[in-house]
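# Structural overview for review
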Amino acid sequence: MSQSPVMVNPLKEGLKIEQASEPCAMVVLGAHGDLTKRKLVPALFALHQQGLLPPGFCIVGMSRTKMSDDEFRQSMARSIQQFAPEIPFDQSTWERFAAFLYYLPSNFGKEEGLFDLAKLLKELEQRHGTRGNNIFYMATPPSLYGQIVDRLAESGLTQMHPGLKAPWPRIIVEKPFGRDLSSARELDLHIHNSFEEEQVYRIDHYLGKETVQNIMVLRFANGIFEPLWNRQHVDHVQITNAETIGVEGRGGYYEEAGNMRDMIQNHMLQLLSLVAMEPPISLDAEATRDEKTKVLKSMRPFDLKSLKKFAVRGQYGQGFIAGQPVPGYRQEESVSGESKTETFTALKLFIDNWRWADVPFYVRSGKRLGRAITEVAIHFKRAPHRLFSLDADDGGQALGPNALVLQIQPDEGICLKFATKQPGPTTQLRWLSMDFKYGTAFGVRSPSAYERLVHDCIQGDATLFARTDAVDASWSLISPILQEWAQTPCNQFPNYAAGSWGPAESDEMLLADGRAWRII
Amino acid sequence: MTPSAQKTDSKSFLSGRLTQVDPDGIERELRRLWAQAADGVAAGTHPDVVRACSFNLVLFSGDEDAESKCGEILSEIVSHHPCRSILAIYRPEKPSHLEAWVSAACHLTGAALMKQICCEQITVVSEGQGSSALPSVVAPLLIRDLPVFLWWRANQSHFQIMEKLLCCCRRLIIDSGREPFNLPFLMQAAELTALPRKDVFASDLNWRRLLSWCQSLGNAFDGFPLSLDYLFTVRQVKILHSGQVADRQEISCQSLLLASWMAARLGWQPTSFLRNPDGTATAAFSYQGSTVQIHFAPKADSLPAGSVVSLTCTFLDERHLEVSYQLRQGSEYIVAATDSPDGRAEELEPTALTVSESDLIGQEVEVICRDAVYEATMNMVYRLIDMLSMEK
Ligand SMILES: NC(=O)c1ccc[n+]([C@@H]2O[C@H](COP(=O)([O-])OP(=O)(O)OC[C@H]3O[C@@H](n4cnc5c(N)ncnc54)[C@H](OP(=O)(O)O)[C@@H]3O)[C@@H](O)[C@H]2O)c1
């Protein structure tokens, strides 16, 4: 969103094409892993197809597995076809892409782990004209992040020449950014020993989704919503992230993380901050991130004495999804039979600022819920004077008649719910919705979140990446709950059936306020 | 598609078959067909149908084959860009006749391909009428509050009707490639671009066809193979267009657009534009005390007449950059290559060329504001053609 730092090429100015990014090499650390195969390389290939990679560019994959350049290329070609069938794969485009893919086996745990990398990057700088600019993509288990940063520094790969803007190193860090406030700070300290904050790109792939970016456009490009977007008109906000899938073979990881760390601390709070932030003074990366961070810093800390009124945890047991029986969480592979890990979280949050004082933000996220959906619903207050009897045809009235729903996935779109008169002699009301679906209005393929984010990093635009103070603020909010939960493990787990909408306490939390979760 | 009998049912309407309707009852008939389709959905005899529309597209044509050719193109467009499309056919030379047809262009979507997304396609044929009849049918058919694009898929001779249709349009899309050597047409397009009405703006499909060229040329100065500084040391440009010997006196609209874009972007000021005795033409520009020349010449080629075949820049240090059309494994590309100082040829990643009209229109309808680059280009086109006519 912000301007590219490179000098503007007048021939490209004003054309509906991107300004050039600076030449660079991208080093993928953990190139044999799931993330690289499923998301990263398909995204890079799609960028190549659209001509969005810089003219001087190459990719170096690294991980422990021994492979030649060609074996790596073949494996990546297979991954693109398997995991991104929507990207057209033609041999000649692939061959041109493969020509700048390289592989270097290495164990990052060992001291000499990155010695060969500096030499290879020098060589590739000559061959591909990458000008010594390097992006390091951390796609390894997070426990290795610290060591890798140290090794990069020891190899001289993180150095900048004083007073010069290039050549530059950048680092992309995958979530989780720590497990709690102290480990996040420790990781940050480690990274900041070798990288300046503006060189650090913390990926939150939710922010790369088109519909998430559209929240800003909807709010700030239209004059009609913003006047209503405050405590005078909004009754409450509901943010739902519901998955039907379980842990999908990543039980080991999930046991360590749990839903709060996996979804709430990052994606959900980032989403919330986009919905609640003040208009930034510009689309500049820092201006937008300043406003988002302010939201996170204004969130009311949880009162641990009455935590149950504000935070609900759940774990799924056996149940049915789409008519098929599915196992409970404790029966999943690599999960303890007595696991106390939460697979569902519901929170009631308050933002203590002028705009949102006393407006509850209800956030729920969970695995194995009734339907896969992510949405933000803004529930507006009732009309001040009840002229009409509200014996409408659905139970939605308990929530108030008007809701603006931003559907993030699937069926991305925007929907406005309002009351209208039923045709007929009596004044019977009915709730209708005005629906806008991206898929029907724009027939074009939306770029994947990784495509957008990797491209932004290459361009040096950090708008859609989490900044250190935002990460710190979200951990500050969440860590006390995690600690409290760790000290008081839930004995009722599993407390919701797969295919349901979470534990009863989640519904009760809203019921106590005279509200209910949306039926979706 | 063949016209079917009147009072078609919604099934045949949704299948894309044309239904003839009374020109003053088009909306009424559409309402009837949609209501019937909704009943069909309720009774379970139709799949779910979504009537989608995000803009109006009016395609104006006077061609003999407009019904079939334009109908096909519109169906392709709406599958990616849901809109109400109105095919407005005007043939004043024929015996007097006015008729209208409706159909739906549908495609299946949703997880199990269970939902039909449908767009309305309306055809209005006005033959042997004056220039007022057709706009009076078309204007009330436009869906209010949605953008209206007028695609002028016709020649200059019909321009008198354009004014009337422009009353209800926001965007005018012409195609100077239809008459590839017709400089007066391009001149008129330049005048349209400078329309005094702030709320209407024009664009040209022939310009959009050139964007891959512009992109490829621009990319070449992004550091590899050439640094940005090279852009400011261009001394000569040679643009070859596809043309036969018989066309040697002609300057192609597309070449002129490309040259004008370059000159406008780089701040070159035109000083002369002359036809040479050998049938080629040369435009001269001043730039920071130096002279830059652009030569226009034909080259026998299989591309459609008037299409740019290659552009070669010569720089102050005698290096060259050639951007050319290439067919590789059945796909069309623009490729930029340069000779490096050590004599090696350096080639840039090819840029895919967009050629189909439906793809080009698809790109056009995504542009919602004035295209300042195109407008500056057309301003330069105007100045150059003006110079050329003064030379005569
Ligand atoms: N997968 C996703 O969809 C996803 C989504 C969001 C975030 N993430 C994050 O992305 C990161 C990677 O996830 P993943 O799912 O791709 O993990 P993964 O499948 O386990 O892959 C880990 C990669 O790291 C390499 N590695 C591990 N230890 C190494 C060492 N000592 N030296 C060198 N290489 C080593 C592995 O190499 P070998 O296989 O050669 O041993 C493998 O290539 C994690 O931080 C995860 O939290 C993943």
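Residues numbered from 1 in each chain as written. Chains lettered and ligands numbered in written order. Predicted model: local features only at pLDDT ≥ 70, side-chain atom pairs only at ≥ 80, totals over all residues. Heavy atoms only, no water.

So, on to the overall build of chain A. Each helix and strand counted, chain A has 13 helices and 18 strands in total. Its C-alpha atoms give chain A principal-axis dimensions of about 80 × 60 × 45 Å. A buried classification covers 56% of the 520 residues belonging to chain A. Sequence-distant contacts, at least 24 apart, represent 78% of the contacts inside chain A between residues at least 6 apart. When the accessible surface of chain A is totalled, it reaches about 22500 Å², and 53% of it is carbon and sulfur. Averaging the locations of the 56 positively and 62 negatively charged side chains of chain A gives two centres separated by 3 Å. (Helix = DSSP H or I, 4+ residues; strand = E, 2+ residues; numbered from the N terminus. Buried < 20%, exposed > 50% of the residue type's maximum accessible area, 1.4 Å probe, protein only. Contact = heavy atoms within 4.5 Å. Areas by Shrake-Rupley, 256 points an atom, 1.4 Å probe, with all protein chains shown as cover. Lys, Arg positive; Asp, Glu negative; His and termini not counted. Charge placed at Lys NZ, Arg CZ, Asp CG, Glu CD.)

Further remarks concern the state of the cysteines. Throughout the structure, instances matching the rule amount to 1 disulfide over all chains. Each sulfur of the disulfide joining Cys106(B) and Cys118(B) lies 2.2 Å from the other. An S-S torsion of about 110 degrees defines the bridge between Cys106(B) and Cys118(B) as right-handed. With Cys106(B) in strand E5 (residues 97-109) and Cys118(B) in strand E6 (residues 115-127), this pair connects stretches of sequence that are 12 residues apart. The exposure class of Cys106(B) is partly exposed, given its relative accessible area of 27%. Of all cysteine sulfurs, the one in Cys24(A) lies closest to Cys58(A), which takes part in no disulfide; the gap is 8.3 Å. (Disulfide = S-S within 2.5 Å.)

A separate point is the domain arrangement of chain B. Residues and elements named next belong to chain B. Taken domain by domain, chain B consists of domain 1 (10-169) and domain 2 (208-391). Once you take the C-alpha centre of each, domain 1 and domain 2 turn out to be 37 Å apart. Contact with domain 1, which involves 9 residues of that partner, is made by 8 residues of domain 2. A buried area of about 740 Å², summed over both sides, lies between domain 1 and domain 2, and 72% of it is on carbon and sulfur atoms. Per-residue buried area on domain 1 facing domain 2 is highest for His81, Phe149 and Trp151; these three make up 52% of the total on that side. Linking domain 1 with domain 2 are 1 salt bridge, by the criterion used here. Arginine 153 is paired through a salt bridge with glutamate 357; the nearest N and O atoms lie 2.9 Å apart. Counting across the interface, domain 1 meets domain 2 through 2 residue pairs in polar contact (both at pLDDT 80 or more). Residue assignment for the side of domain 1 that touches domain 2 shows that the elements contributing at least two residues are helix H3 (66-80) and strand E7 (148-152). (Domains from an automatic or database assignment. Buried area = accessible area lost by both parts, 1.4 Å probe. Salt bridge = Lys/Arg side-chain N within 4 Å of Asp/Glu carboxyl O. Polar contact = N/O pair within 3.5 Å; in protein donor to acceptor, adjacent residues only side chain to side chain.)

Regular strands have side chains that alternate between both faces of the sheet. All names here are of chain B. Direction of pairing for strand E10 (residues 234-242) relative to strand E14 (residues 308-315): antiparallel, over a ladder of 7 bridges. Note on E14: the bridge partner recorded for valine 237 is cysteine 313. Where E10 and strand E13 (residues 290-299) come together, 7 bridges link them in parallel fashion. Residue glutamine 236 lies in a different strand from E13, and its bridge partner there is glutamine 293. (Pairing = 2+ DSSP bridges.)

What follows deals with helix H6 (residues 181-194) of chain A. Residue and element names in this part refer to chain A. Here H6 is 14 residues long and its end C-alpha atoms lie 21 Å apart, about the 20 Å a rise of 1.5 Å per residue gives. The complete set of buried residues in H6 reads Leu181, Ala184, Leu187, Asp188, Ile191 and Ser194. Along H6, the residues classed as buried sweep out an arc of 150 degrees about the axis, all on the same side. Along H6, the residues that are exposed and aim more than 90 degrees away from the buried face are Ser182, Glu186, Leu189 and Asn193. (Expected span 1.5 Å × (residues − 1). Arc of directions from axis to C-beta.)

This part is about the interface of chain A and chain B. Between chain A and chain B, the contact holds 22 residues from the first and 31 residues from the second. Taken together, the links from chain A to chain B amount to 2 salt bridges. Between Asp222(B) and Lys12(A) there is a salt bridge, with its nearest N and O atoms 2.5 Å apart. Viewed at the interface, chain B and chain A are joined by 6 residue pairs in polar contact (both at pLDDT 80 or more). Those elements that place two or more of their residues in the side of chain A that touches chain B are helix H3 (91-98) and helix H10 (438-441) of chain A. Broken down by class, the residue content of the side of chain A that touches chain B amounts to 11 nonpolar, 6 polar and 5 charged. (Nonpolar A, V, L, I, M, F, W, Y, C, P; charged D, E, K, R; others polar.)

Below, the discussion takes up the packing of aromatic side chains. Applying the stated criterion across every chain, the model contains 23 aromatic pairs over all chains. Ring geometry for Phe57(A) versus Phe100(A): centroids 5.8 Å apart, planes at 85 degrees, classification edge-to-face. With Phe57(A) in strand E2 (residues 57-63) and Phe100(A) in the loop between H3 and strand E3 (101-105), the pair connects residues that are 43 residues apart, well separated along the chain. Of the two residues, Phe57(A) and Phe100(A), both sit in the buried class. When the centroid spacing of 5.5 Å and the interplanar angle of 50 degrees are considered together, the rings of Phe273(B) and Phe296(B) count as tilted. In this pair, Phe273(B) sits in strand E11 (residues 269-275) while Phe296(B) sits in strand E13, placing the two residues 23 residues apart along the sequence. Lying across the ring of Trp168(A), Arg170(A) places its NZ or CZ 3.5 Å from the centre. For Lys209(A), the ring lying beneath its charged end belongs to Tyr206(A), and the centroid distance is 5.2 Å. (Phe/Tyr/Trp six-rings, centres within 6.5 Å; stacked < 30°, edge-to-face > 60°. Lys NZ or Arg CZ within 6 Å of the ring centre and 35° of its normal.)

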